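# Working through the structure, step by step
Each chain, letter by letter, is given below.
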Amino acid sequence: MLKAIEISADVYWVGGVDWNERNFHGYTTERGTTYNAYLIVDEKIALIDTCKAPFAEDLIARIADIVDPASIDYLVSLHGEMDHSGSLPALLDVAPGATVVTGAPKGADILRAHYGDDLPVQAVKTGDVLDLGKRSLSFVQTPMVHWPDNMVAYDAFDRILFSNDAFGQHLATSKRFDDEVGLPEVLVQAQKYYANIVMPYGRQVAKALGALEGLDIALIAPAHGVIWRSHVAEILEAYRAWSSGDPEDRAVVVYDSMWHTTEAMAREVAEAFVECGVPVKLLDLKVNHISDIMSDVLPAKYVAVGSPTLNMTMMPTVAGFLCYLRGLAPKNRIGLAFGSYGWAPAGPNEVAEALEKSGFSLPLGALTRQWVEDDEGLSFVHDAVVGLVRGQGDEEPLA
């Protein structure tokens with residue numbers, strides 16, 4: 001029998017655990033995920049969010065462990081994406097008298113587009129309050145963190161911030177709180193989540209954090225992963241850092257190679273960063289998934305990308321990574337393009353063009369090497385990178 005888990009007096013986690021989810025829109029979820037929903041039992045009963053549709057039965061069973069689902073007064077939808085709202089039709093079947101509370105106007109528009117124009121919607125905006133009895137829910141709209149309809153709800157009585165996608169992690173676990181799993185693991189998953197889902201909206205995240213200033217928060221209850229209980233300050237500080245647009249003095253070297261020349265160049269680029277005291281990750285696209293790489297890109301000032309020339313273009317793996325990178329739009333980064341070629345440096349030149357289109361500064365142009373690596377070519381690459389890091393950056397690209 002599925003059980004609800006009390007996270008505060010008369011407030012319960014009633015969501016679903018997706019142990020076997022491994023791909024979420026191209027983002028690898030090697031630890032699965034959860035679809036969190038929260039039941040508040042007061043004079044009025046409110047359910048904060050639902051679950052992905054296949055987990056509707058789990059959700060209803062956990063609610064029934066505490067109350068008759070038919071007694072729910074409000075179904076609060078903080079975000080209309082289907083991993084959050086997919087069980088809404090099933091809930092309305094068992095709680096036909098419930099009112100759906102969502103953001104105005106985008107939340108209402110999105111839910112009605114998915115579930116029909118006759119949906120019983122009460123649309124709210126920033127500053128609106130939903131009275132439940134002892135408790136009330138105050139709403140703050142957080143558009144584009146990460147959809148236009150996103151909002152959060154604050155329960156001042158229990159000091160709980162229901163944060164929806166913000167502060168989440170894709171992490172399946174039988175534990176419900178950060179301190180039960182351990183901060184290092186939860187932060188790793190929170191960083192990957194931010195890098196792959198939230199990073200394009202850093203400005204909006206910073207604005208949302210500003211709107212939450214002054215709230216007395218004991219728990220942050222996100223829509224995915226564990227609830228922040230012991231490390232609220234740490235995740236708030238992490239979000240401030242990630243959304244600031246000020247990367248750390250770190251480097252990521254990402255590449256694919258055919259006959260090891262580009263690989264040799266990648267290693268030389270990495271060694272140059274090491275010589276300069278810059279922490280670096282060397283990541284071959286044949287064995288590292290792009291969504292994992294983005295966790296390392298998030299804090300990195302330098303992003304070096306290498307590809308040989310294949311059929312007068314870059315390697316497909318590199319092209320896929322650069323397409324993904326452009327969509328996530330990291331800001332204030334320095335790009336380095338490099339690679340080998342046989343009769344024309346089309347591959348590394350396309351890498352340079354793609355990085356520039358993504359908003360990276362590219363002070364070295366494309367560093368290229370014909371046919372095979374040798375000491376002269378590798379020394380040039382090494383010295384160019386060292387010069388860049390140490391503030392010279394005036395080397396001419398190697399043709």
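Anything mentioned here points back to the structure above.
Residues numbered from 1 in each chain as written. Predicted model: local features only at pLDDT ≥ 70, side-chain atom pairs only at ≥ 80, totals over all residues. Heavy atoms only, no water.

### Quick word on the overall build of the chain
Check the secondary structure of the chain and you find 13 helices and 21 strands. Considered along the principal axes of its C-alpha atoms, the chain spans approximately 75 × 40 × 35 Å. The proportion of buried residues among the 399 residues of the chain is 57%. Sequence separation of 24 or more characterises 71% of the internal contacts of the chain that already satisfy a separation of 6 or more. For the chain, the accessible area works out to roughly 16,000 Å², and carbon and sulfur atoms hold 53% of it. (Helix = DSSP H or I, 4+ residues; strand = E, 2+ residues; numbered from the N terminus. Buried < 20%, exposed > 50% of the residue type's maximum accessible area, 1.4 Å probe, protein only. Contact = heavy atoms within 4.5 Å. Areas by Shrake-Rupley, 256 points an atom, 1.4 Å probe, with all protein chains shown as cover.)

### Brief notes about unusual backbone geometry
Cis geometry is found at the peptide bond from A104 to P105, where omega equals -5 degrees. Counting through the fold element by element, P105 comes out in the loop between β10 (99-103) and α4 (106-115). For the bond running from V145 to H146, omega is 20 degrees, close enough to zero to count as cis. Residue position: H146 is located in the loop between β13 (136-141) and β14 (151-155). The backbone of D49 shows a phi angle near 65 degrees, a positive value even though the residue is not glycine. Summarising the element assignment, D49 is placed in the loop between β8 (45-48) and α1 (56-64). At N332, a residue that is not glycine, the phi angle is positive and equals roughly 60 degrees. Within the secondary structure, N332 sits in the loop between α11 (316-328) and β20 (334-341). For N332, a relative accessible area of 52% puts it in the exposed group.

### Details of the sheet that holds strand β18 (residues 280-284)
Here 5 strands make up an open sheet; going across it, the order is β18-β17-β19-β20-β21 and the pairing parallel. Every other strand in the sheet has two partners, leaving β18 and β21 (366-370) as the edge strands with one partner each. The sheet shows a mean angle of 15 degrees between the axes of neighbouring strands, direction not considered. Packed on one face of the sheet, helix α10 (residues 290-297) meets β17 (248-255), β18 and β19 (300-306) and runs near 155 degrees to β17. Here helix α12 (residues 346-357) sits on the sheet and contacts β19, β20 and β21; the angle it forms with β20, its principal contact strand, is near 165 degrees. (Pairing = 2+ DSSP bridges. Axes fitted to C-alpha atoms, helices over the stretch in contact; angles between N-to-C directions.)

### Some thoughts on the sheet that holds strand β7 (residues 38-41)
On the basis of which strands lie adjacent, the open sheet formed by 7 strands has the order β1-β2-β7-β8-β9-β10-β11 and mixed pairing. Each having just a single partner strand, β1 (5-8) and β11 (121-124) make up the two edges of the open sheet. In this sheet, adjacent strand axes meet at a mean angle of 25 degrees when their direction is disregarded. Sheet topology note: the β1/strand β2 (residues 11-13) ladder contains 3 bridges and is antiparallel. Bridge assignment links I5 to a residue of β2, and that residue is W13.

### Section: α1
Along α1, the residues classified as buried are A56, L59, I60, R62 and I63. Angular distribution of buried residues about the axis of α1 spans 160 degrees; they occupy a single face of the element. In this fold, the buried residues of α1 make contact with β2, β3 (16-18), β7, β8 and α3 (88-94). (Arc of directions from axis to C-beta.)

### Here's the deal with the nonpolar core
The biggest cluster of nonpolar side chains holds 58 residues, and the ones touching the most others in it are F167, Y239, F321 and L322. In terms of residue count, the dominant contributor to this core is helix α6 (residues 183-198) (8 residues). If we ignore the near neighbours within four places in the chain, the residues touching Y239 are D165, A166, F167, G168, Y193, Y194, V198, V205 and L209. Counting 27 residues, the second-largest nonpolar core is a separate cluster that includes A4, L75, L91 and L119. (Core = buried A, V, L, I, M, F, W, Y, C linked by side-chain atoms within 4.5 Å.)

### A word on the pairing of β20
Taking burial as the measure, the 8 residues of β20 include 8 buried ones, the bulk of the element. Burial of β20 is two-sided: the residues I334, L336, F338 and S340 facing one way and the residues G335, A337, G339 and Y341 facing the other way are all buried. Looking at chain direction, β19 and β20 are connected through 5 bridges and run parallel. Paired with A304 across the strands is L336, a residue of β20. Read as a crossover between parallel neighbours, the route from β20 over α12 to β21 is right-handed. (Right-handed = clockwise from strand over helix to strand, strands pointing away.)

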